[in-house]
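Summary of the model geometry
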Amino acid sequence: MSFDASNLRLRMFATLFFLLPCILVPAACSSGRGLVGELPAGTETAASPIEQNNSLDLLYVTNRAPAASANDELSYTSFRGHSLSFGSVTLARERLRFHDGPAVQPDASLHISRTTKLGEFPKSPYPIELTRQGPRRVPATVDAHIRAAAGLQGEVTRRLAMAKRKEVVIFVHGYNNSFDDAAKATGKICNTLSAEFVCVSLSWPAGGSGGAFYGYNIDRESGEFAVSDLKKAIRIISGTDGVKRLHLIAHSRGADVLISALQQLGMEAYATRSSPTERYKISNVVLFAPDIDLDVATTKLFGFVSDPDAPFGAKATPYGLLPPIGSLHLTVYSSPNDKALALSSGLFGSVVRLGRLTSASISSKEAGSNALWRNSQLSGIADFIEYRGSAGFAGHSYFLSDSAVQKDLRALLRDRLKAGDPGRQLVEIKRPFWRVLSRNSRLSH
C-alpha cells in the first residue's frame, strides 16, 4: 500500500471516529434536542395528540452518580456511582396515537418534570470482614441491603396494584444516552404498550465525555461495570410478590449489558436446577439493534448451558435433560441499513453485529454451525426480525421512530402474539427470520 493510500485510509478512520457520536446517537451532534425530546416548530409527525398535559410516572433504577442542579433538583450524571438508587421519574407529555404511516420523529413533547429518589443500596462491592469462624459479609451492610431491597419491592408492589397487567417491562438504553434520554425512551415504550405494564428505566452510566473514540470505550467499560447492579435489580424486581412476568428490552450497547447479566442469572438458575423463566419470571427478551458480535452473543447465551461439566445442583449431569425453557423467548430486531453498527463492526473486527444480522448476511455453513441460529430453528426460542426502513440519519433508533416496529412490539408483549400469528405485521423469510412490514421500508424500495 502506498503512502498516499495509507494516509487516505488514516484520514477516513479519523473522520469516522470524529463522527461516531453523530452516527450512534444523532442527538449528540444536534442542537437543542435530546434522544427523545421536543420537535422543532413545524415538524410533521405521523402522530396526532389526543390528550393534553398528560404525564407518565416511571420507576427508575440507576447506578449513575447523582448531582444536584442549581435549584437543588435531583439529576444523575454520566459518572459511575457506587450505590444503586431507585425512585420515580415523571414525564410530562402530550399523549399520542399513531396511525398508519412513518413516525419520523419521537414524541413531540416528552420532558422530565420531576425526579424523586426513594431508596438507595449500600456502596458496592459490599465489604467483607474476618471473624474467628472465617470471612463474612458485614451484618450492618447486609441489613441496609435488605431494607433497600424491601423498599424497591414495595414500590414495585404499589405500582402493580395500579397496573392493568401484573407484569414489569424493564428498558436498558444504549451508548451516549443520558439519564433523561433513557427515561424518555422508556416512556415512549410504555406509551406504545398503552401504559398497561409497570415500566422501569434501568439506567447505567453512559454518555460520558472523552471524544468520539474514547467516549465509546468509556461507555463500553461503564456497561461492564453496570452488569452486577443490573443483575441485582432484575433479581430483586422479579422476586416481588405479584409479578407474573418480566419483559426485558435493550437497545444498542445496552443489549451487551443485558446479555451479560442474563448469562450470570442463567448460571445461577442452572446451578439451582432451575431456569431463568422459573426462577426470575423472565418471559420476553427483546433486543433492538444490539451492538454485540454474533459469536459473543451466542457464547454468552448458550455457552454455560451447553457445558457438560457445569454443576446442575450438587454435581454436573452431562447426559441429563436441561431445565424446560418455559415461556422464555428472544426477539432480535436488526437492520442491514444500520450505519452505527456498520461502524461498530469495523471498529471491533466483527464478522457481523447481531443488530445487522439478516437471513442474507449469514451463509448456510455459518448457519449450520452457529448455535444461536440453529437452536432457534429447533426450539423456536428466538425470532430475528429484519427492518429495512430508512429511519433517521444512522438508521439505529427505528424502535422509537417507526410505527410498524412499535406496533409489532405491542403485539408481542401486550397481545402475546407469536411471529406468524394474525396481528403481527411480519412476512416470513425463512424461520426464524422475518421482515417487519414497515411503510418506511416500502417507501425506501
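Sequence order sets the numbering: in each chain, residues are counted from 1 along the sequence as written. Whole-chain, interface and lining totals are the exception, using all residues; otherwise, since this is a predicted model, local features are given only for residues with pLDDT of at least 70 and side-chain atom pairs are given and counted only at 80 or more. Excluded from the side-chain calculations are hydrogens and water; all other atoms, namely the structure's heavy atoms, are used.

**Structural notes on the overall build of the protein**
Per the convention used, a helix needs a DSSP run of H or I reaching at least four residues, while a strand needs a run of E reaching at least two, with both numbered from the N terminus. The secondary structure content of the protein amounts to 13 helices and 15 strands. A contact between two residues is defined here by any heavy atoms of the two lying within 4.5 Å. Nonlocal contacts in the protein, meaning residues at least 24 apart in sequence, comprise 76% of its contacts between residues at least 6 apart. Taken as a whole, the protein presents about 20,200 Å² of accessible surface, with 55% of it coming from carbon and sulfur. All accessibility values rest on the Shrake-Rupley procedure with a 1.4 Å probe; residue burial counts only the protein chains present in the view.

**Remarks on the environment of Ser 83**
With respect to the helices and strands, the residue Ser 83 is situated in strand E2 (residues 74-98). A 1.4 Å probe rolled over the protein chains alone gives each residue an accessible area, and that area as a share of the maximum for its type sets the label: buried under 20%, exposed over 50%, partly exposed in between. Given the relative accessible area of 11%, Ser 83 is considered buried. C-alpha separation for the pair Ser 83 and Asn 63, spaced 20 residues apart in sequence, amounts to 5.9 Å. Beyond its immediate stretch of four places on either side in the chain, Ser 83 contacts Thr 62, Asn 63, Glu 120, Phe 121, Pro 122 and Lys 123.

**Considering empty space enclosed by the protein**
A cavity here means a set of points on a 1 Å grid, drawn over the protein atoms and nothing else, where a 1.4 Å probe fits but cannot get out; a pocket is an open set with protein on both sides within 12 Å along at least five of seven lines, and a residue lines either one if it has an atom within 4 Å of a point. Grid points are joined across faces, edges and corners, and a volume is the space filled by probe spheres set on the points. Applying the stated criterion across every chain yields a total of three cavities of 30 Å³ or more. As a volume, the second largest cavity reaches approximately 40 Å³. Asn 63, Leu 84, Val 172, Leu 202, Ser 203, Trp 204, Ala 226, Asp 229, Leu 230 and Val 257 together form the lining of the second largest cavity. If you list the elements that add at least two residues to the lining of the second largest cavity, you get strand E7 (198-203) and helix H4 (211-238). Of the residues forming the lining of the second largest cavity, the biggest block, three residues, is contributed by H4. Looking at the lining of the second largest cavity residue by residue, the classes come out as seven nonpolar, two polar and one charged. Asp, Glu, Lys and Arg are counted as charged, while Ala, Val, Leu, Ile, Met, Phe, Trp, Tyr, Cys and Pro are counted as nonpolar; the rest, among them Gly, fall into the polar class.

**Looking at helix H3 (residues 179-192)**
Because an α-helix completes one turn every 3.6 residues, residues spaced three or four positions apart along the sequence face the same direction. In a regular helix each residue adds 1.5 Å, so 14 residues correspond to 20 Å; H3 covers 20 Å between its end C-alpha atoms and thus fits that length. Counting buried residues along H3, 13 of its 14 residues qualify, which places the element largely inside the surrounding structure. Given the number of residues in a helix, its expected span is that number minus one, multiplied by 1.5 Å.

**Quick notes on the packing of aromatic side chains**
Working definition: a ring pair exists when centres of Phe, Tyr or Trp rings (six-membered ring for Trp) sit within 6.5 Å. Plane angles under 30 degrees give stacked, over 60 give edge-to-face, the rest tilted. Evaluation of the coordinates by the stated rule reveals eleven aromatic pairs. Seen in terms of ring centroids, Tyr 60 and Tyr 76 are 5.5 Å apart; in terms of plane orientation they differ by 65°. Their pairing is edge-to-face. Separated by 16 residues along the polypeptide, Tyr 60 in strand E1 (residues 47-68) and Tyr 76 in strand E2 bring together distant segments of the chain. Like Tyr 60, the residue Tyr 76 is buried in the burial classification. Their ring planes at 25° and their centres at 4.6 Å tell us that Phe 288 and Tyr 333 sit as a pair that is stacked. Taken as a pair, Phe 288 in strand E9 (residues 282-288) and Tyr 333 in strand E12 (residues 329-334) lie far apart in primary sequence, 45 residues in all.

**Comments concerning helix H5 (residues 253-271)**
With 19 residues, H5 should reach 27 Å at 1.5 Å per residue; the first-to-last C-alpha distance of 28 Å fits that figure. Counting buried positions along H5 yields 14 of 19 residues, so the element is predominantly enclosed. Of the residues flanking the end of H5, it is Arg 273, one or two places downstream, whose phi is positive at about 60°.

**A few points about the state of the cysteines**
When the sulfur atoms of two cysteines come within 2.5 Å, that pair is taken as a disulfide. Summed over the entire model, instances satisfying the criterion amount to one disulfide. Cys 190 shares a disulfide with Cys 199; S-S distance 2.3 Å. Judged by the sign of its S-S torsion, about 85°, the cystine formed by Cys 190 and Cys 199 is right-handed. With respect to burial, Cys 190 and Cys 199 carry one shared label: buried.

**A word on the pairing of E12**
Taking burial as the measure, the six residues of E12 include six buried ones, the bulk of the element. The pairing criterion is simple: DSSP has to find at least two bridges between the two strands. Here E9 pairs with E12 via five bridges, running parallel. Bridge pairing links Leu 287 to Val 332 in E12. Where E12 and strand E13 (residues 382-386) come together, five bridges link them in parallel fashion. Across the sheet, the residue bridging to Ser 334 is Glu 386, located in E13.

**Remarks on the side chain of Ser 335**
Position of Ser 335 relative to the elements: it lies in the loop between E12 and helix H8 (339-348). Residues adjacent in sequence count toward polar contacts only when both atoms are side-chain atoms; beyond that, a polar contact is any pair of N or O atoms within 3.5 Å, and within protein one must be able to donate a hydrogen and the other to accept it. Within polar-contact distance, the side chain of Ser 335 engages the backbone nitrogen of Asn 337 at 3.1 Å. A distance of 3.0 Å separates a polar side-chain atom of Ser 335 from the backbone oxygen of Tyr 387.

**What to know about the confidence of the model for the protein**
Scored from 0 to 100, pLDDT reflects the predictor's confidence in each residue. Summary statistics for the protein give a mean pLDDT of 81 and a share of 77% for residues scoring 70 or more. Within the model, pLDDT remains below 50 along residues 98-108, and this stretch shows 45 contacts once partners closer than five positions in the same chain are excluded.

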